[in-house]
Amino acid sequence: MLQLKAETYAVPGQINIGVKTDKLSIATHEANMTHSVAWMQFGDNVPFHIARKLDTKTRNAFRTISSTAHTSTKIEQSHHHYLKLMGTVVEAASRIGKDIYGYQYTATHHKEHLEHHYPSVKITYDISPSVVRIHNTSQRWYEFLTKLFALVGGFYTVMSFVDTGISSILQKRAKDTMGKLS
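*Asks:* Could you give an account of the overall build of the protein, with specific residues and numbers?
*Replies:* When helices and strands are counted, the protein shows three helices and six strands. Reading the protein from its N end, one meets helices and strands in the order β-β-α-α-β-β-β-β-α. Taking all 182 residues of the protein together, 24% fall into the buried category. Intrachain contacts of the protein at a sequence separation of at least 6 include 78% that bridge at least 24 residues. Roughly 14000 Å² of accessible area belongs to the protein as shown, and the carbon and sulfur atoms make up 59% of that amount.

*Asks:* Which residues make up the pattern of salt bridges, and what values do they have?
*Replies:* All told, the structure shown has two salt bridges when counted by the stated rule. Residue Lys84 is joined to Asp126 by a salt bridge in which the shortest nitrogen-to-oxygen separation is 3.0 Å. On the criterion of sequence distance, the pair formed by Lys84 in strand β4 (residues 77-90) and Asp126 in strand β6 (residues 120-134) is long-range, its members being 42 residues apart. According to the relative accessible area criterion, Lys84 is partly exposed, its value standing at 34%.

*Asks:* Would you mind going over the side chain of His79 in detail, with residue names and values included?
*Replies:* Looking at the element boundaries, His79 is found in strand β4. Since its relative accessible area comes to 3%, His79 is described here as buried. Polar contacts involving the side chain of His79 include one to the side chain of Ser72, which spans 2.8 Å. Among residues more than four places away in sequence, those in contact with His79 are Met33, Thr34, His35, His70, Thr71, Ser72, His110, Lys111, Ser120, Val121 and Lys122.

*Asks:* So what about the sheet that holds strand β5 (residues 100-113)? Which residues, and what values?
*Replies:* Reading across from one edge, β1-β6-β4-β5 is the order of the four strands in this open sheet, with mixed pairing throughout. A strand with exactly one partner marks an edge of an open sheet, and here the two such strands are β1 (13-18) and β5. Taken over all neighbouring pairs, the strand axes of this sheet differ in orientation by 20 degrees on average, direction set aside. Relative to β5, β4 runs antiparallel, the two being bridged by 14 bridges. Each bridged residue has a counterpart across the sheet, and for Ser78 the counterpart in β5 is Glu112.

*Asks:* With reference to specific residues and values, describe the nonpolar core.
*Replies:* Ranked by size, the top nonpolar core spans nine residues in total: Val37, Met40, Phe42, Leu83, Leu85, Tyr105, Ile123, Tyr125 and Ile127. Ignoring sequence-local partners within four residues, the contact set of Leu85 consists of Phe42, Tyr103, Gln104, Tyr105, Tyr125, Asp126, Ile127 and Ser128. In this structure, Val46, Ala51, Leu54 and Phe62 belong to the second largest nonpolar core, which totals eight residues.

*Asks:* A description of the packing of aromatic side chains should follow, citing residues and the corresponding values.
*Replies:* In the structure shown here, the tally under the stated rule is one aromatic pair. Ring geometry for Trp141 against Tyr142: centres 5.8 Å apart, planes inclined by 85 degrees, an arrangement best described as edge-to-face. The exposure class assigned to Tyr142 is partly exposed, which follows from its relative accessible area of 42%.

*Asks:* Can you explain the pairing of β4? Please cite residues and give values.
*Replies:* Extensive coverage of β4 is indicated by the burial of 11 of its 14 residues. Bridge count for β4 against β6 is 12 bridges, and the pairing is parallel. Note that in β6 the partner of Met86 across the bridge is Ser128.

*Asks:* Tell me what's going on with the side chain of His81, and back it up with residues and numbers.
*Replies:* Within the element layout of this structure, His81 appears in strand β4. Here His81 falls in the buried class, since its relative accessible area comes to 1%. Of note is the side chain of His81, whose polar atom sits 2.9 Å from the side chain of His35. Once residues within four sequence positions are removed from consideration, His81 is found in contact with His35, His70, Thr108, His109, Val121, Lys122, Ile123 and Thr124.

Here is what the cut-offs are and how they apply
Residues numbered from 1 in each chain as written. Predicted model: local features only at pLDDT ≥ 70, side-chain atom pairs only at ≥ 80, totals over all residues. Heavy atoms only, no water. Helix = DSSP H or I, 4+ residues; strand = E, 2+ residues; numbered from the N terminus. Buried < 20%, exposed > 50% of the residue type's maximum accessible area, 1.4 Å probe, protein only. Contact = heavy atoms within 4.5 Å. Areas by Shrake-Rupley, 256 points an atom, 1.4 Å probe, with all protein chains shown as cover. Salt bridge = Lys/Arg side-chain N within 4 Å of Asp/Glu carboxyl O. Polar contact = N/O pair within 3.5 Å; in protein donor to acceptor, adjacent residues only side chain to side chain. Pairing = 2+ DSSP bridges. Axes fitted to C-alpha atoms, helices over the stretch in contact; angles between N-to-C directions. Core = buried A, V, L, I, M, F, W, Y, C linked by side-chain atoms within 4.5 Å. Phe/Tyr/Trp six-rings, centres within 6.5 Å; stacked < 30°, edge-to-face > 60°.

Okay, here's the thing in structure tokens:
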């Protein structure tokens, strides 16, 4: 088992994990690079009490390739993970809390079969210059009621206009048909 913790500057980069040695008498080019990623995160850890308030899609974007397995089906097979990172600030919900700085990311995976090369696992990451700010707001009960009554009142007004329009058209047609029958 290999555990890796890497700290880097906020610039694009690459992490290579491979087997290459001149001191052992093993065929390192035939190494099986099957691996699983238990946890991968960039930036601050998002505490549970804040993460549970985020929608599922946003919460999962902080750990896209966590809990994934990648299997080598051939010898001399390398795995390449490409991550696109987007800076994310989760603003504190209270005055006491602090903002959390992290990265949401998307990931793509490729397997490559390279003859006469050492198999490896490459993790290439690219950081977007944009930053997303997530601000969780709650609505007070009286704001909700005001919006609800505005919606109901607007619906009533529109339906009154429609009713008046339909009634006037029907009355006009009724008068026209009465005049023609006489």
